[in-house]
Amino acid sequence: MKIIRAEHLGMCFGVKDAIALALKTARREPLTILGELVHNESVLKELQANNILTETAAAAVATQTVMITAHGASERKLAGIRSRGLNVLQATCPLVHSAHRSLGALVRAGFHPVIIGQPGHVEVRGMTEDLEEFDVVIYEQEIVNLRERPRYGVISQTTQPIERVRRLVARLRDQFPASEIRFIDTVCQPTKQRQGAAIELAQRCDVVVVIGGMHSNNTHELVKTCSRYCSRVHHIQTAADLRDEWFCPNDIVGITAGTSTPDNLIDQIEQQIKRNQHENCLV
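The sections below set out a description of the structure shown in this document. Model, not experiment: these values are computed from the prediction.

Attention now goes to the sheet that holds strand 2 (residues 31-34). Strand pairing in a sheet relies on backbone hydrogen bonds, with the paired strands running either antiparallel or parallel. Taken in spatial order, the 4 strands of this open sheet run 3-2-4-5, and their pairing is parallel. Every other strand in the sheet has two partners, leaving strand 3 (53-55) and strand 5 (87-90) as the edge strands with one partner each. Between one strand axis and the next, the sheet turns by 35° as a mean value, whatever way the strands run. Strands strand 2, strand 4 (65-68) and strand 5 of the sheet are contacted by helix 3 (residues 75-82), whose axis makes an angle of about 145° with strand 5.

Right, let's get into the pattern of salt bridges. Note that side chains of opposite charge can pair when their charged atoms are close. Applying the stated criterion across every chain, the model contains 15 salt bridges. Measuring nitrogen to oxygen at the nearest pair gives 3.9 Å for the salt bridge that ties Glu221 to Lys224. You can see Glu221 and its partner Lys224 sitting in helix 9 (residues 217-227), 3 residues apart, about one turn around the helix. A residue is classified by how much of its surface remains accessible, and Glu221, at 2% relative accessible area, is buried. Between Arg232 and Asp251 there is a salt bridge, with its nearest N and O atoms 2.6 Å apart. With Arg232 in the loop between helix 9 and strand 11 (233-236) and Asp251 in the loop between strand 11 and strand 12 (252-257), the pair connects residues that are 19 residues apart, well separated along the chain. In this structure Arg232 comes out as partly exposed when scored by relative accessible area, which is 26%.

With that settled, the discussion passes to the pairing of strand 2. Side chains Leu31 and Ile33 project from strand 2 onto one buried face, and the interleaved Thr32 and Leu34 project onto a second face that is buried too. As defined by bridge partners, strand 2 adjoins strand 4 across 4 bridges and the pair is classed as parallel. Residue pairing across strands places Leu34 opposite Ile68, the latter belonging to strand 4. Bridge count between strand 2 and strand 3: 3 bridges; the pairing is parallel. By the bridge assignment for strand 3, Ile33 is matched with Thr54. Assessed by its sense of winding, the connection that carries the chain from strand 2 through helix 2 (residues 41-49) to strand 3 is right-handed.

This part is about the sheet that holds strand 7 (residues 135-137). The 4 strands lie next to each other as 7-6-8-9, forming an open sheet whose pairing is parallel. Two strands bound the open sheet, and with one partner strand each, they are strand 7 and strand 9 (180-183). Strand-to-strand, the axes of this sheet are offset by a mean angle of 25°, without reference to chain direction. Where strand 6 (residues 112-116) lies against strand 8 (residues 151-156), 5 bridges are found, and the strand directions are parallel. For Pro113, the partnering residue across the bridge sits in strand 8 and is Gly153. Contacting strand 6, strand 8 and strand 9, helix 4 (residues 94-108) runs over the sheet at an angle of about 180° to strand 8. Strands in contact with helix 7 (residues 162-175) are strand 6, strand 8 and strand 9; relative to strand 9, the strand with the most contacts, it is inclined by about 170°.

So, about the side chain of Thr158. By secondary structure assignment, the location of Thr158 is in the loop between strand 8 and helix 7. Judged by relative accessible area, which is 4%, Thr158 ranks as buried. In this structure, Thr158 is in contact with Leu95, Val96, Ala99, Glu123, Thr186, Val187, Cys188 and Thr191, ignoring residues within four places of it in sequence.

Looking now at helix 2. Within the sequence span of helix 2, burial applies to Val43, Leu44 and Leu47. Seen from one end, helix 2 has its buried residues packed into an arc of 100°, which puts them on one side. Facing away from the buried side of helix 2, by more than 90 degrees, are the exposed residues Lys45, Gln48 and Ala49. Turning to helix 2, the residues buried within the fold contact helix 1 (13-26) and strand 2. Of the residues that open helix 2, the one with a side-chain oxygen 3.0 Å from the backbone nitrogen of Ser42 is Asn40. Immediately beyond the C-terminal end of helix 2, within one or two residues, lies Asn51, with a positive phi of roughly 65°.

Parameters at a glance
- Residues numbered from 1 in each chain as written.
- Predicted model: local features only at pLDDT ≥ 70, side-chain atom pairs only at ≥ 80, totals over all residues.
- Heavy atoms only, no water.
- Pairing = 2+ DSSP bridges.
- Helix = DSSP H or I, 4+ residues; strand = E, 2+ residues; numbered from the N terminus.
- Axes fitted to C-alpha atoms, helices over the stretch in contact; angles between N-to-C directions.
- Contact = heavy atoms within 4.5 Å.
- Salt bridge = Lys/Arg side-chain N within 4 Å of Asp/Glu carboxyl O.
- Buried < 20%, exposed > 50% of the residue type's maximum accessible area, 1.4 Å probe, protein only.
- Right-handed = clockwise from strand over helix to strand, strands pointing away.
- Arc of directions from axis to C-beta.
- Polar contact = N/O pair within 3.5 Å; in protein donor to acceptor, adjacent residues only side chain to side chain.

Next comes the structure, spelled out in structure tokens:
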């Protein structure tokens, strides 16, 4: 068995910075994070072990300082939190901030906002909660159902595959040829790198293991991408999820991971695959 890693995988700088900020703050004062800082169970357990609290609503926060997750939040939500007398610490990824600014610029220029992303996802909610009118699309059929408007301004959730985003923008142009459509690419570079590396990896491998949280959008997208090029793809969170029957002795095994997956977890899982293969060979 041969094990290879994707050229780009695992935790991005935005997630690393958010975790570091949370841990540094918690050493100084009690801290509550509003929502999941990142969608990864291993990271969330580490935060809990450092006495960092998590709440889903500002009304339930018992500490003076509350942290906004790496996914960002709307100005409306931030104002509501501050109105409770809480100190707001933002761990929002800079690339999410950039997407917010791009969306705001399109709206101010008179374009109807269209966001390509998962409806209800925390990042998408942060983008749209300040808007009076908008559309969120993820499938081509949803574009068919849009109301015709003279001008559309399009951005995307930062973790969407760029191929999907471009396809949907092209479908929008086809659907409304008389409309002016302005697209700003807000897919983050780490997502583009990991998606591209996943394609290259899956084309070379007999089986691919994708490591990441079960609620992680970018990890799910890596699974979908790898599945287009490899018939045996498995999404796991920890080494305990591995199954011997997934692997054959002569397999080329690929490993990739979502942008909230720690390096040490990737190392643990790779070593566990090697140990399991060695033990099976001795049987």
